[in-house]
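Overview (structure and organization)
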Amino acid sequence: MEEGHVRWARNGEHSIAYRVLGDGPVDLVFLGGVPSHIEGFIEEPGLRRWWERLGSIARVILVDRRGVGLSDRPHEPCGLDDEVADLLAVLRETGSERVVLQSYASGGPLAVAFAAAWPERTSALILYASMVAPHRDDELPWAATPQQREERLRRGAEHWGTGANLEVMAPSVAGDVRMREWLGRLERLSATPAGMLRVAANLAGVDVRPLLGGLDVPTLVLHRTGDRFIDVGHSRVYAARIPGARLVELPGADSLPMVGDTEALLGEIDEFLTGSRHTTSGLQRRLLTILFTDIADATGHAARLGDGRWRDLLAAHDEAIRREVERYGGREVKTVGDAFIAAFEGPPSDALRCARTVVSAVRGLGIRVRAGLHTGECELIGGDVGGMAVHIAARVAEMAGPDEILTSGTVYGTVVGSGLDFEMRGAHALRGVPGAWPIFALRP
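Residues numbered from 1 in each chain as written. Predicted model: local features only at pLDDT ≥ 70, side-chain atom pairs only at ≥ 80, totals over all residues. Heavy atoms only, no water.

1. Things to note about helix H5 (residues 146–158)
With 13 residues, H5 extends 19 Å from end C-alpha to end C-alpha; this agrees with the ideal 18 Å at 1.5 Å per step. Of all the positions in H5, only Arg149, Leu153 and Ala157 are classed as buried. In a view along the axis of H5, the buried residues occupy a sector of 70°, so they form one face of it. Those residues of H5 that are exposed and aimed more than 90 degrees away from the buried face are Gln147 and Glu158. At its buried positions, H5 is contacted by helix H8 (193–203). (Helix = DSSP H or I, 4+ residues; strand = E, 2+ residues; numbered from the N terminus. Expected span 1.5 Å × (residues − 1). Buried < 20%, exposed > 50% of the residue type's maximum accessible area, 1.4 Å probe, protein only. Arc of directions from axis to C-beta. Contact = heavy atoms within 4.5 Å.)

What follows is the structure, given as C-alpha coordinates:
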(Lines give C-alpha, C1' and ligand atoms only; values in the text may rest on other atoms or scores of the structure.)
Protein backbone atom coordinates (compact mmCIF):
# COMPACT_ATOMS: atom_id res chain seq x y z
CA MET A 1 0.00 0.00 0.00
CA GLU A 2 1.40 3.36 -0.97
CA GLU A 3 1.07 5.58 2.07
CA GLY A 4 0.94 9.36 1.69
CA HIS A 5 1.80 11.98 4.24
CA VAL A 6 -0.82 14.12 5.93
CA ARG A 7 -1.69 17.20 3.90
CA TRP A 8 -4.15 20.07 4.34
CA ALA A 9 -6.66 21.51 1.89
CA ARG A 10 -7.77 25.10 2.36
CA ASN A 11 -11.42 26.16 2.26
CA GLY A 12 -11.36 29.84 3.06
CA GLU A 13 -9.97 30.17 6.58
CA HIS A 14 -10.30 26.48 7.34
CA SER A 15 -7.70 23.74 6.87
CA ILE A 16 -8.98 20.21 6.28
CA ALA A 17 -6.54 17.32 6.87
CA TYR A 18 -6.35 14.43 4.43
CA ARG A 19 -4.00 11.66 3.38
CA VAL A 20 -3.96 9.30 0.41
CA LEU A 21 -3.45 5.54 0.78
CA GLY A 22 -3.17 2.96 -1.99
CA ASP A 23 -3.06 3.34 -5.73
CA GLY A 24 -6.18 1.61 -7.07
CA PRO A 25 -7.85 2.73 -10.30
CA VAL A 26 -10.73 4.66 -8.67
CA ASP A 27 -10.73 7.35 -6.01
CA LEU A 28 -12.57 6.49 -2.79
CA VAL A 29 -13.11 9.06 -0.04
CA PHE A 30 -13.83 7.75 3.44
CA LEU A 31 -16.17 9.92 5.52
CA GLY A 32 -16.59 9.00 9.17
CA GLY A 33 -17.64 10.99 12.18
CA VAL A 34 -16.19 11.13 15.68
CA PRO A 35 -13.77 9.69 16.66
CA SER A 36 -11.56 10.42 13.67
CA HIS A 37 -7.83 10.95 13.30
CA ILE A 38 -6.18 10.00 10.01
CA GLU A 39 -2.92 9.06 11.70
CA GLY A 40 -4.56 7.24 14.61
CA PHE A 41 -6.55 5.16 12.09
CA ILE A 42 -3.34 3.52 10.90
CA GLU A 43 -2.15 2.61 14.41
CA GLU A 44 -4.65 -0.24 14.79
CA PRO A 45 -3.39 -3.29 12.83
CA GLY A 46 -6.85 -4.52 11.86
CA LEU A 47 -7.91 -1.12 10.55
CA ARG A 48 -4.61 -0.75 8.73
CA ARG A 49 -5.27 -4.07 6.98
CA TRP A 50 -8.74 -2.78 6.08
CA TRP A 51 -7.19 0.24 4.34
CA GLU A 52 -4.60 -1.99 2.67
CA ARG A 53 -7.33 -4.13 1.15
CA LEU A 54 -9.31 -1.09 -0.01
CA GLY A 55 -6.06 0.44 -1.28
CA SER A 56 -5.65 -2.49 -3.67
CA ILE A 57 -8.87 -1.60 -5.49
CA ALA A 58 -9.01 2.17 -4.98
CA ARG A 59 -6.94 5.22 -4.19
CA VAL A 60 -8.25 5.80 -0.68
CA ILE A 61 -8.51 9.38 0.59
CA LEU A 62 -8.95 9.67 4.36
CA VAL A 63 -10.39 12.95 5.62
CA ASP A 64 -10.67 14.46 9.09
CA ARG A 65 -13.85 16.50 8.97
CA ARG A 66 -13.92 20.06 10.24
CA GLY A 67 -13.70 20.07 14.03
CA VAL A 68 -11.97 16.72 14.56
CA GLY A 69 -8.59 15.06 14.22
CA LEU A 70 -5.96 17.13 12.43
CA SER A 71 -8.44 19.53 10.83
CA ASP A 72 -9.23 22.98 12.19
CA ARG A 73 -11.50 23.20 15.21
CA PRO A 74 -13.69 26.28 14.73
CA HIS A 75 -16.05 27.16 17.54
CA GLU A 76 -18.85 28.44 15.31
CA PRO A 77 -21.54 26.02 14.08
CA CYS A 78 -20.82 24.13 10.89
CA GLY A 79 -23.46 22.82 8.46
CA LEU A 80 -23.43 20.17 5.74
CA ASP A 81 -23.05 22.86 3.05
CA ASP A 82 -19.80 23.98 4.74
CA GLU A 83 -18.52 20.42 4.83
CA VAL A 84 -19.42 19.82 1.18
CA ALA A 85 -17.23 22.83 0.37
CA ASP A 86 -14.48 21.35 2.57
CA LEU A 87 -14.67 18.10 0.62
CA LEU A 88 -14.48 19.94 -2.69
CA ALA A 89 -11.27 21.57 -1.47
CA VAL A 90 -9.81 18.13 -0.68
CA LEU A 91 -10.75 16.82 -4.13
CA ARG A 92 -9.11 19.83 -5.72
CA GLU A 93 -5.88 19.18 -3.81
CA THR A 94 -5.86 15.45 -4.66
CA GLY A 95 -6.74 15.98 -8.32
CA SER A 96 -9.90 13.88 -8.01
CA GLU A 97 -12.57 14.54 -10.62
CA ARG A 98 -15.01 11.77 -9.64
CA VAL A 99 -15.04 9.79 -6.40
CA VAL A 100 -16.70 6.94 -4.60
CA LEU A 101 -17.92 8.16 -1.22
CA GLN A 102 -17.75 5.52 1.51
CA SER A 103 -19.34 6.56 4.79
CA TYR A 104 -19.64 5.27 8.33
CA ALA A 105 -21.83 6.47 11.21
CA SER A 106 -22.39 10.25 10.98
CA GLY A 107 -20.45 10.37 7.71
CA GLY A 108 -23.60 9.20 5.89
CA PRO A 109 -25.38 12.57 5.72
CA LEU A 110 -22.26 14.29 4.35
CA ALA A 111 -21.86 11.63 1.65
CA VAL A 112 -25.52 12.07 0.66
CA ALA A 113 -25.33 15.88 0.71
CA PHE A 114 -22.27 15.84 -1.55
CA ALA A 115 -23.83 13.35 -3.97
CA ALA A 116 -27.00 15.45 -4.15
CA ALA A 117 -25.09 18.69 -4.78
CA TRP A 118 -22.40 17.25 -7.08
CA PRO A 119 -23.75 14.14 -8.86
CA GLU A 120 -21.32 14.70 -11.74
CA ARG A 121 -18.42 14.26 -9.31
CA THR A 122 -19.87 11.26 -7.46
CA SER A 123 -19.33 7.89 -9.14
CA ALA A 124 -20.96 5.82 -6.36
CA LEU A 125 -22.06 5.73 -2.72
CA ILE A 126 -21.14 3.02 -0.21
CA LEU A 127 -23.10 3.64 2.98
CA TYR A 128 -21.88 1.33 5.74
CA ALA A 129 -23.68 1.51 9.11
CA SER A 130 -24.52 5.14 8.42
CA MET A 131 -26.99 7.38 10.21
CA VAL A 132 -29.84 8.93 8.24
CA ALA A 133 -31.33 11.18 10.96
CA PRO A 134 -30.66 11.65 14.67
CA HIS A 135 -34.10 11.56 16.27
CA ARG A 136 -37.16 9.33 16.56
CA ASP A 137 -40.27 9.87 14.44
CA ASP A 138 -42.93 7.69 12.79
CA GLU A 139 -40.44 6.32 10.23
CA LEU A 140 -37.67 5.90 12.81
CA PRO A 141 -39.43 4.45 15.88
CA TRP A 142 -36.20 2.76 17.05
CA ALA A 143 -34.18 6.00 17.05
CA ALA A 144 -33.48 8.03 20.18
CA THR A 145 -35.68 10.87 21.34
CA PRO A 146 -33.91 14.26 21.66
CA GLN A 147 -33.77 13.75 25.42
CA GLN A 148 -32.30 10.24 25.08
CA ARG A 149 -29.71 11.51 22.60
CA GLU A 150 -28.66 14.29 24.96
CA GLU A 151 -28.31 11.79 27.83
CA ARG A 152 -26.20 9.44 25.68
CA LEU A 153 -23.95 12.30 24.61
CA ARG A 154 -23.56 13.41 28.23
CA ARG A 155 -22.50 9.91 29.26
CA GLY A 156 -20.25 9.68 26.22
CA ALA A 157 -18.48 12.90 27.22
CA GLU A 158 -17.92 11.59 30.75
CA HIS A 159 -16.15 8.47 29.42
CA TRP A 160 -14.52 10.11 26.40
CA GLY A 161 -10.91 9.06 25.93
CA THR A 162 -11.21 5.80 27.88
CA GLY A 163 -12.27 3.47 25.07
CA ALA A 164 -15.35 2.42 27.06
CA ASN A 165 -17.45 2.81 23.91
CA LEU A 166 -15.83 -0.38 22.58
CA GLU A 167 -18.59 -2.33 24.34
CA VAL A 168 -21.16 -1.05 21.83
CA MET A 169 -18.89 -0.41 18.84
CA ALA A 170 -17.26 -3.86 18.87
CA PRO A 171 -18.75 -6.11 21.57
CA SER A 172 -16.90 -9.21 20.34
CA VAL A 173 -13.58 -7.64 21.45
CA ALA A 174 -14.89 -5.66 24.42
CA GLY A 175 -12.42 -7.44 26.70
CA ASP A 176 -9.42 -6.79 24.46
CA VAL A 177 -7.23 -4.37 26.42
CA ARG A 178 -5.17 -3.41 23.38
CA MET A 179 -8.25 -2.50 21.34
CA ARG A 180 -9.74 -0.51 24.21
CA GLU A 181 -6.51 1.43 24.65
CA TRP A 182 -6.37 2.17 20.91
CA LEU A 183 -9.98 3.41 20.83
CA GLY A 184 -9.37 5.58 23.89
CA ARG A 185 -6.28 7.08 22.25
CA LEU A 186 -8.20 7.65 19.01
CA GLU A 187 -10.89 9.51 20.95
CA ARG A 188 -8.30 11.68 22.69
CA LEU A 189 -6.57 12.46 19.40
CA SER A 190 -9.89 13.26 17.75
CA ALA A 191 -11.32 15.89 20.08
CA THR A 192 -11.79 16.98 23.65
CA PRO A 193 -15.06 15.98 25.31
CA ALA A 194 -16.38 19.50 24.66
CA GLY A 195 -15.18 19.29 21.06
CA MET A 196 -17.04 16.01 20.58
CA LEU A 197 -20.21 17.64 21.91
CA ARG A 198 -19.79 20.60 19.52
CA VAL A 199 -19.58 18.26 16.54
CA ALA A 200 -22.61 16.33 17.82
CA ALA A 201 -24.53 19.62 18.14
CA ASN A 202 -23.83 20.34 14.45
CA LEU A 203 -25.52 17.03 13.58
CA ALA A 204 -28.52 17.43 15.89
CA GLY A 205 -30.81 18.81 13.20
CA VAL A 206 -29.41 16.91 10.20
CA ASP A 207 -31.96 14.82 8.31
CA VAL A 208 -31.05 13.90 4.74
CA ARG A 209 -34.18 11.89 3.97
CA PRO A 210 -35.60 14.67 1.71
CA LEU A 211 -32.49 14.32 -0.51
CA LEU A 212 -32.58 10.55 -0.95
CA GLY A 213 -35.29 10.26 -3.60
CA GLY A 214 -33.42 12.62 -5.93
CA LEU A 215 -30.10 10.76 -5.87
CA ASP A 216 -28.99 9.28 -9.16
CA VAL A 217 -25.78 7.41 -8.33
CA PRO A 218 -25.08 3.69 -7.86
CA THR A 219 -25.49 2.96 -4.15
CA LEU A 220 -24.49 0.03 -1.95
CA VAL A 221 -25.90 -0.02 1.58
CA LEU A 222 -24.18 -2.35 4.08
CA HIS A 223 -25.01 -3.13 7.69
CA ARG A 224 -24.56 -5.87 10.28
CA THR A 225 -27.96 -6.71 11.65
CA GLY A 226 -26.93 -6.90 15.31
CA ASP A 227 -25.06 -3.57 15.32
CA ARG A 228 -25.58 -1.97 18.74
CA PHE A 229 -23.92 1.34 17.85
CA ILE A 230 -25.85 2.26 14.68
CA ASP A 231 -29.24 0.57 14.32
CA VAL A 232 -29.74 -1.37 11.08
CA GLY A 233 -32.97 0.60 10.60
CA HIS A 234 -30.92 3.56 9.31
CA SER A 235 -29.63 1.46 6.42
CA ARG A 236 -33.08 0.10 5.64
CA VAL A 237 -34.37 3.66 5.27
CA TYR A 238 -31.47 4.55 2.97
CA ALA A 239 -32.10 1.48 0.83
CA ALA A 240 -35.87 2.07 0.65
CA ARG A 241 -35.58 5.72 -0.36
CA ILE A 242 -32.55 5.84 -2.70
CA PRO A 243 -33.58 4.76 -6.22
CA GLY A 244 -31.88 1.51 -7.23
CA ALA A 245 -29.92 1.15 -3.96
CA ARG A 246 -28.75 -2.36 -3.07
CA LEU A 247 -29.06 -3.36 0.59
CA VAL A 248 -26.82 -6.09 1.98
CA GLU A 249 -27.45 -7.12 5.58
CA LEU A 250 -24.75 -9.26 7.16
CA PRO A 251 -24.73 -11.13 10.49
CA GLY A 252 -22.77 -9.75 13.42
CA ALA A 253 -22.96 -7.27 16.30
CA ASP A 254 -19.72 -5.36 15.68
CA SER A 255 -20.04 -1.90 14.20
CA LEU A 256 -16.33 -1.20 13.64
CA PRO A 257 -15.68 -2.58 10.14
CA MET A 258 -12.28 -4.15 10.90
CA VAL A 259 -13.72 -6.34 13.68
CA GLY A 260 -15.75 -9.47 13.01
CA ASP A 261 -16.14 -10.90 9.52
CA THR A 262 -14.29 -8.15 7.67
CA GLU A 263 -13.89 -10.26 4.55
CA ALA A 264 -17.66 -10.35 4.00
CA LEU A 265 -17.80 -6.53 4.06
CA LEU A 266 -14.72 -6.10 1.89
CA GLY A 267 -15.98 -8.71 -0.56
CA GLU A 268 -19.23 -6.79 -1.06
CA ILE A 269 -17.33 -3.52 -1.61
CA ASP A 270 -14.87 -5.21 -3.96
CA GLU A 271 -17.66 -6.74 -6.05
CA PHE A 272 -19.60 -3.46 -6.13
CA LEU A 273 -16.60 -1.51 -7.40
CA THR A 274 -14.93 -4.06 -9.67
CA GLY A 275 -17.62 -6.58 -10.58
CA SER A 276 -15.87 -9.51 -8.89
CA ARG A 277 -14.31 -10.56 -5.60
CA HIS A 278 -10.57 -10.84 -5.31
CA THR A 279 -8.38 -12.48 -2.69
CA THR A 280 -7.21 -10.28 0.12
CA SER A 281 -4.29 -8.18 -1.07
CA GLY A 282 -1.17 -8.44 1.08
CA LEU A 283 -2.90 -10.80 3.51
CA GLN A 284 -2.53 -14.58 3.60
CA ARG A 285 -4.72 -16.93 5.59
CA ARG A 286 -3.68 -20.39 6.68
CA LEU A 287 -5.06 -23.18 8.83
CA LEU A 288 -2.79 -23.41 11.89
CA THR A 289 -2.78 -24.82 15.39
CA ILE A 290 -1.95 -22.12 17.92
CA LEU A 291 -0.24 -23.00 21.20
CA PHE A 292 -0.57 -20.34 23.89
CA THR A 293 1.20 -20.70 27.24
CA ASP A 294 1.68 -18.46 30.23
CA ILE A 295 3.23 -18.82 33.67
CA ALA A 296 0.95 -19.69 36.57
CA ASP A 297 1.23 -17.13 39.40
CA ALA A 298 3.59 -14.96 37.36
CA THR A 299 2.92 -11.93 39.56
CA GLY A 300 3.83 -13.84 42.71
CA HIS A 301 7.06 -15.12 41.17
CA ALA A 302 8.05 -11.61 40.06
CA ALA A 303 7.38 -10.20 43.52
CA ARG A 304 9.41 -12.87 45.25
CA LEU A 305 12.38 -12.76 42.86
CA GLY A 306 12.71 -9.06 42.12
CA ASP A 307 13.04 -7.49 38.68
CA GLY A 308 16.52 -8.69 37.78
CA ARG A 309 16.09 -12.37 38.69
CA TRP A 310 12.58 -12.39 37.19
CA ARG A 311 13.94 -11.16 33.84
CA ASP A 312 16.58 -13.90 33.91
CA LEU A 313 13.93 -16.53 34.67
CA LEU A 314 11.71 -15.27 31.83
CA ALA A 315 14.65 -15.52 29.43
CA ALA A 316 15.31 -19.12 30.51
CA HIS A 317 11.58 -19.89 30.21
CA ASP A 318 11.46 -18.51 26.66
CA GLU A 319 14.54 -20.44 25.62
CA ALA A 320 13.21 -23.73 27.05
CA ILE A 321 9.90 -23.37 25.18
CA ARG A 322 11.67 -22.23 22.03
CA ARG A 323 13.72 -25.46 21.95
CA GLU A 324 10.64 -27.64 22.26
CA VAL A 325 8.73 -25.71 19.61
CA GLU A 326 11.61 -26.14 17.16
CA ARG A 327 11.84 -29.89 17.99
CA TYR A 328 8.22 -30.41 17.02
CA GLY A 329 8.33 -28.36 13.82
CA GLY A 330 6.49 -25.30 15.09
CA ARG A 331 7.57 -21.70 14.94
CA GLU A 332 7.62 -19.01 17.56
CA VAL A 333 5.14 -16.23 16.82
CA LYS A 334 5.94 -13.90 19.70
CA THR A 335 6.29 -13.52 23.44
CA VAL A 336 4.17 -11.08 25.42
CA GLY A 337 5.42 -10.75 28.99
CA ASP A 338 5.27 -14.26 30.44
CA ALA A 339 3.11 -15.57 27.55
CA PHE A 340 4.55 -17.56 24.65
CA ILE A 341 2.69 -18.03 21.34
CA ALA A 342 3.68 -20.66 18.75
CA ALA A 343 2.09 -21.86 15.53
CA PHE A 344 2.09 -25.33 13.95
CA GLU A 345 1.10 -26.40 10.47
CA GLY A 346 -0.41 -29.80 9.66
CA PRO A 347 -2.26 -32.05 12.11
CA PRO A 348 -2.45 -30.68 15.69
CA SER A 349 -0.89 -33.81 17.23
CA ASP A 350 2.65 -32.37 17.07
CA ALA A 351 1.47 -29.20 18.78
CA LEU A 352 -0.13 -31.25 21.56
CA ARG A 353 2.99 -33.34 22.10
CA CYS A 354 5.04 -30.15 22.11
CA ALA A 355 2.77 -28.72 24.81
CA ARG A 356 3.44 -31.79 26.97
CA THR A 357 7.20 -31.39 26.72
CA VAL A 358 6.95 -27.65 27.36
CA VAL A 359 5.13 -28.29 30.64
CA SER A 360 7.91 -30.67 31.71
CA ALA A 361 10.76 -28.46 30.49
CA VAL A 362 9.76 -25.33 32.41
CA ARG A 363 8.95 -27.29 35.56
CA GLY A 364 12.70 -27.84 35.85
CA LEU A 365 13.10 -24.06 36.17
CA GLY A 366 10.88 -24.00 39.24
CA ILE A 367 7.86 -22.60 37.43
CA ARG A 368 4.64 -24.08 36.06
CA VAL A 369 2.79 -23.07 32.93
CA ARG A 370 -0.73 -23.51 31.69
CA ALA A 371 -1.38 -24.13 28.00
CA GLY A 372 -4.24 -23.69 25.55
CA LEU A 373 -4.51 -24.85 21.93
CA HIS A 374 -6.92 -24.13 19.10
CA THR A 375 -6.88 -25.00 15.41
CA GLY A 376 -8.34 -22.42 13.07
CA GLU A 377 -7.85 -20.10 10.13
CA CYS A 378 -5.22 -17.46 10.90
CA GLU A 379 -4.08 -14.27 9.22
CA LEU A 380 -0.37 -14.11 8.37
CA ILE A 381 0.84 -10.55 8.81
CA GLY A 382 4.55 -10.44 8.07
CA GLY A 383 6.10 -12.56 10.80
CA ASP A 384 3.06 -12.27 13.03
CA VAL A 385 -0.08 -14.39 13.19
CA GLY A 386 -3.46 -12.87 13.94
CA GLY A 387 -7.14 -13.59 13.84
CA MET A 388 -9.74 -15.17 16.07
CA ALA A 389 -7.81 -18.47 16.32
CA VAL A 390 -5.08 -16.78 18.40
CA HIS A 391 -7.72 -15.11 20.55
CA ILE A 392 -9.47 -18.45 21.19
CA ALA A 393 -6.21 -20.23 22.10
CA ALA A 394 -5.47 -17.51 24.67
CA ARG A 395 -8.96 -17.79 26.16
CA VAL A 396 -8.65 -21.59 26.40
CA ALA A 397 -5.30 -21.19 28.19
CA GLU A 398 -6.93 -18.82 30.70
CA MET A 399 -9.11 -21.72 31.86
CA ALA A 400 -6.19 -24.10 32.47
CA GLY A 401 -4.57 -24.74 35.81
CA PRO A 402 -0.82 -25.12 36.47
CA ASP A 403 0.72 -27.92 34.35
CA GLU A 404 -2.61 -28.34 32.55
CA ILE A 405 -3.12 -28.45 28.77
CA LEU A 406 -6.58 -27.56 27.51
CA THR A 407 -7.79 -27.62 23.91
CA SER A 408 -10.80 -26.47 21.97
CA GLY A 409 -13.15 -29.04 20.48
CA THR A 410 -11.65 -28.25 17.07
CA VAL A 411 -8.29 -29.65 18.16
CA TYR A 412 -9.87 -32.68 19.81
CA GLY A 413 -11.99 -33.52 16.78
CA THR A 414 -8.99 -33.33 14.47
CA VAL A 415 -6.76 -35.74 16.42
CA VAL A 416 -9.29 -38.45 17.34
CA GLY A 417 -7.53 -41.77 16.70
CA SER A 418 -4.03 -40.37 17.17
CA GLY A 419 -3.46 -42.21 20.47
CA LEU A 420 -3.67 -39.01 22.54
CA ASP A 421 -5.98 -39.27 25.55
CA PHE A 422 -8.41 -36.51 26.53
CA GLU A 423 -10.88 -35.71 29.26
CA MET A 424 -14.08 -33.82 28.40
CA ARG A 425 -14.51 -30.60 30.41
CA GLY A 426 -17.91 -29.53 29.05
CA ALA A 427 -18.99 -26.50 27.03
CA HIS A 428 -17.83 -23.08 28.16
CA ALA A 429 -18.22 -19.44 27.20
CA LEU A 430 -14.88 -17.91 26.20
CA ARG A 431 -14.43 -14.23 27.01
CA GLY A 432 -14.93 -12.16 23.87
CA VAL A 433 -15.83 -15.19 21.71
CA PRO A 434 -19.43 -15.86 20.60
CA GLY A 435 -21.13 -19.12 21.55
CA ALA A 436 -20.29 -22.02 23.86
CA TRP A 437 -17.14 -24.03 23.17
CA PRO A 438 -16.45 -27.67 24.14
CA ILE A 439 -13.20 -27.87 26.08
CA PHE A 440 -10.97 -30.95 26.49
CA ALA A 441 -7.98 -31.60 28.75
CA LEU A 442 -5.00 -33.56 27.40
CA ARG A 443 -4.20 -36.30 29.90
CA PRO A 444 -0.57 -36.70 31.05
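2. Regarding the packing of aromatic side chains
Enumeration according to the criterion identifies six aromatic pairs in this entry. Relative to tyrosine 128, the ring of tyrosine 104 lies with its centre 5.7 Å away and its plane at 15°, an arrangement referred to as stacked. In this pair, tyrosine 104 is assigned in strand S5 (residues 99–105) and tyrosine 128 in strand S6 (residues 122–130), connecting sequence segments 24 residues apart. Of the residues examined, tyrosine 104 reaches a relative accessible area of 9% and is grouped as buried. Look at tyrosine 128 and you get buried, because its relative accessible area is 2%. Aromatic rings pair up to connect Phe30, Phe41 and Trp51 into one cluster. (Phe/Tyr/Trp six-rings, centres within 6.5 Å; stacked < 30°, edge-to-face > 60°.)

3. Section: the environment of arginine 66
As for its placement among the helices and strands, arginine 66 is situated in the loop between strand S4 (58–63) and helix H3 (80–94). A relative accessible area of 10% places arginine 66 in the buried class. Separated by 33 residues in the primary sequence, arginine 66 and glycine 33 place their C-alpha atoms 10.0 Å from one another. Every residue in contact with arginine 66, bar those within four places of it in the chain, is listed here: Asn11, His14, Ile16, Ser71, Asp72, Pro74, Cys78, Asp82, Glu83 and Asp86. At 3.2 Å, the side chain of arginine 66 forms a polar contact with the side chain of histidine 14. For arginine 66, the side chain forms a polar contact with the side chain of aspartate 86, separated by 2.9 Å. (Polar contact = N/O pair within 3.5 Å; in protein donor to acceptor, adjacent residues only side chain to side chain.)

4. Topic: the nonpolar core
Trp50, Trp51, Leu62 and Leu256 are the most contacted members of the largest nonpolar core, which totals 43 residues. If near-sequence neighbours (up to four positions away) are discounted, leucine 256 is found in contact with Tyr104, Tyr128, Leu166, Met169, Ala170, Met179, Trp182 and Arg224. If you look at the next biggest cluster of nonpolar residues, it comprises 41 residues, including Val63, Leu87, Ala133 and Val237. (Core = buried A, V, L, I, M, F, W, Y, C linked by side-chain atoms within 4.5 Å.)

5. Re the domain arrangement of the chain
Its domain assignment divides the chain into domain 1 (7–274) and domain 2 (284–442). Summarising the inter-unit geometry, the C-alpha centres of domain 1 and domain 2 are found 39 Å apart. (Domains from an automatic or database assignment.)

6. Details of the packing of helix H12 (residues 298–305) against helix H13 (residues 307–327)
As a packed pair, H12 and H13 sit with axes 6 Å apart at the nearest point and diverge in direction by 130°. Between H12 and H13, the angle is such that the two are oblique. Crossing handedness for the pair H12 and H13: right-handed. Packed against H12, whose contacting residues are Ala298, His301, Ala302 and Leu305, the element H13 presents Asp307, Arg309, Trp310 and Leu313 at the interface. Here the residues of the contact of H12 with H13 are counted per class, giving five nonpolar, one polar and two charged. (Axes fitted to C-alpha atoms, helices over the stretch in contact; angles between N-to-C directions. Parallel < 35°, antiparallel > 145°, perpendicular 65-115°, else oblique. Left-handed = near helix turned anticlockwise from the far one by under 90°. Nonpolar A, V, L, I, M, F, W, Y, C, P; charged D, E, K, R; others polar.)

7. Here we look at the pattern of salt bridges
Within the structure shown, the criterion is met by 33 salt bridges. Here arginine 209 makes a salt bridge to glutamate 139, at a shortest N to O gap of 2.9 Å. With arginine 209 in helix H9 (residues 209–212) and glutamate 139 in the loop between S6 and H5, the pair connects residues that are 70 residues apart, well separated along the chain. For arginine 209, a relative accessible area of 9% corresponds to the buried category. Here glutamate 398 ties to arginine 395 by a salt bridge, and the two come within 3.0 Å at their closest N and O atoms. Taken together, the residues glutamate 398 and arginine 395, both in helix H15 (residues 388–399) and three residues apart, mark about one turn of the helix. Classification of glutamate 398 as partly exposed rests on a relative accessible area of 34%. Exposure remark for arginine 395: the relative accessible area of 9% places this residue in the buried category. (Salt bridge = Lys/Arg side-chain N within 4 Å of Asp/Glu carboxyl O.)

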